[in-house]
Amino acid sequence: MDLNKLRDFHRAFKDASGALRDVSGKYQDALYARNRARDALAIIEDPIRGKGREKELKAARQTFRDAQIRFEKIDEDIARLQQLSNHAGRIWVRCRDYAREQGVLPVDMED
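Report follows, based on the coordinates. Here the structure is a predicted model, which means the values were calculated and not measured.

For the protein, the helix and strand inventory stands at two helices and zero strands. Along the longest, intermediate and shortest principal axes, the C-alpha atoms of the protein span 75 × 15 × 15 Å. Pairs at least 24 residues apart make up 76% of the contacts formed inside the protein by residues separated by at least 6 positions. Summed over its atoms, the accessible surface of the protein is roughly 8,000 Å², and 53% of this surface lies on carbon and sulfur atoms. Distance between charge centroids for the protein: 5 Å, based on 23 positive and 20 negative side chains.

A few words now on a nonpolar patch on the surface. On the surface, M1, L3, Y98 and V104 cluster together into a nonpolar patch covering about 350 Å² of accessible area. In this structure, M1 sits in the segment before α1 (3-45).

For α1, built from 43 residues, the straight-helix expectation of 63 Å at 1.5 Å per residue is met to within 8% by its first-to-last C-alpha distance of 62 Å. The set of residues buried in α1 consists of L6, H10, A16, S17, G18, L20, V23, A30, R34, A37, L41 and I44. Between the side-chain oxygen at the start of α1 and the backbone nitrogen of N4 there is a gap of 3.0 Å, and the oxygen is on D2.

Taken as a whole and assessed by the stated rule, the structure comprises one aromatic pair. Residues Y27 and F71 carry aromatic rings whose centres are separated by 5.2 Å and whose planes lie at 40° to one another, so their mutual orientation is tilted. You can see Y27 sitting in helix α1 and its partner F71 sitting in helix α2 (residues 54-102), a full 44 residues away along the chain. Looking at R34, its charged tip hangs above the ring of F71, at a distance of 4.3 Å from the centre.

Here we take up the nonpolar core. Core analysis: the largest hydrophobic core is formed by seven residues, namely L20, V23, A30, F71, I74, I78 and L81. Elements supplying a minimum of two residues to this core: α1 and α2. Ranked by the residues each element gives to this core, the list is headed by α2, at four residues. Setting aside residues up to four positions removed in sequence, I78 forms contacts with L20, V23, S24 and Y27. Core analysis: the next-biggest nonpolar cluster, separate from the first, contains six residues, L6, W92, C95 and A99 among them.

Rules behind the numbers
Residues numbered from 1 in each chain as written. Predicted model: local features only at pLDDT ≥ 70, side-chain atom pairs only at ≥ 80, totals over all residues. Heavy atoms only, no water. Helix = DSSP H or I, 4+ residues; strand = E, 2+ residues; numbered from the N terminus. Contact = heavy atoms within 4.5 Å. Areas by Shrake-Rupley, 256 points an atom, 1.4 Å probe, with all protein chains shown as cover. Lys, Arg positive; Asp, Glu negative; His and termini not counted. Charge placed at Lys NZ, Arg CZ, Asp CG, Glu CD. Patch = residues over 30% accessible without salt bridge, like charges linked within 9 Å, V, L, I, M, F, W, Y side chains within 5 Å. Salt bridge = Lys/Arg side-chain N within 4 Å of Asp/Glu carboxyl O. Expected span 1.5 Å × (residues − 1). Buried < 20%, exposed > 50% of the residue type's maximum accessible area, 1.4 Å probe, protein only. Polar contact = N/O pair within 3.5 Å; in protein donor to acceptor, adjacent residues only side chain to side chain. Phe/Tyr/Trp six-rings, centres within 6.5 Å; stacked < 30°, edge-to-face > 60°. Lys NZ or Arg CZ within 6 Å of the ring centre and 35° of its normal. Core = buried A, V, L, I, M, F, W, Y, C linked by side-chain atoms within 4.5 Å.

Written out as structure tokens, the structure reads:
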């Protein structure tokens, strides 16, 4: 068994998992920003509180659209990274199990 290949699979799995963890923080931030923008828009759209605030309404709608687009992009990134992480994880588990059966799994790659 090629230990360099085994290390590459291990690294790919760790990298994919790390990327997924990193983007989940961005997801929470985008969700929070979208919800704040939606709430601000709802206040300005209120017929009683929103009278004479057309410029603010236009800006609030644009802010909400921008926040929604950012949220959707990050949501797509998470789905893509989840697939990559799952794929890398399946390959790593198979290689790790095979290396373990052969008695050649390095100690630093034990999970």
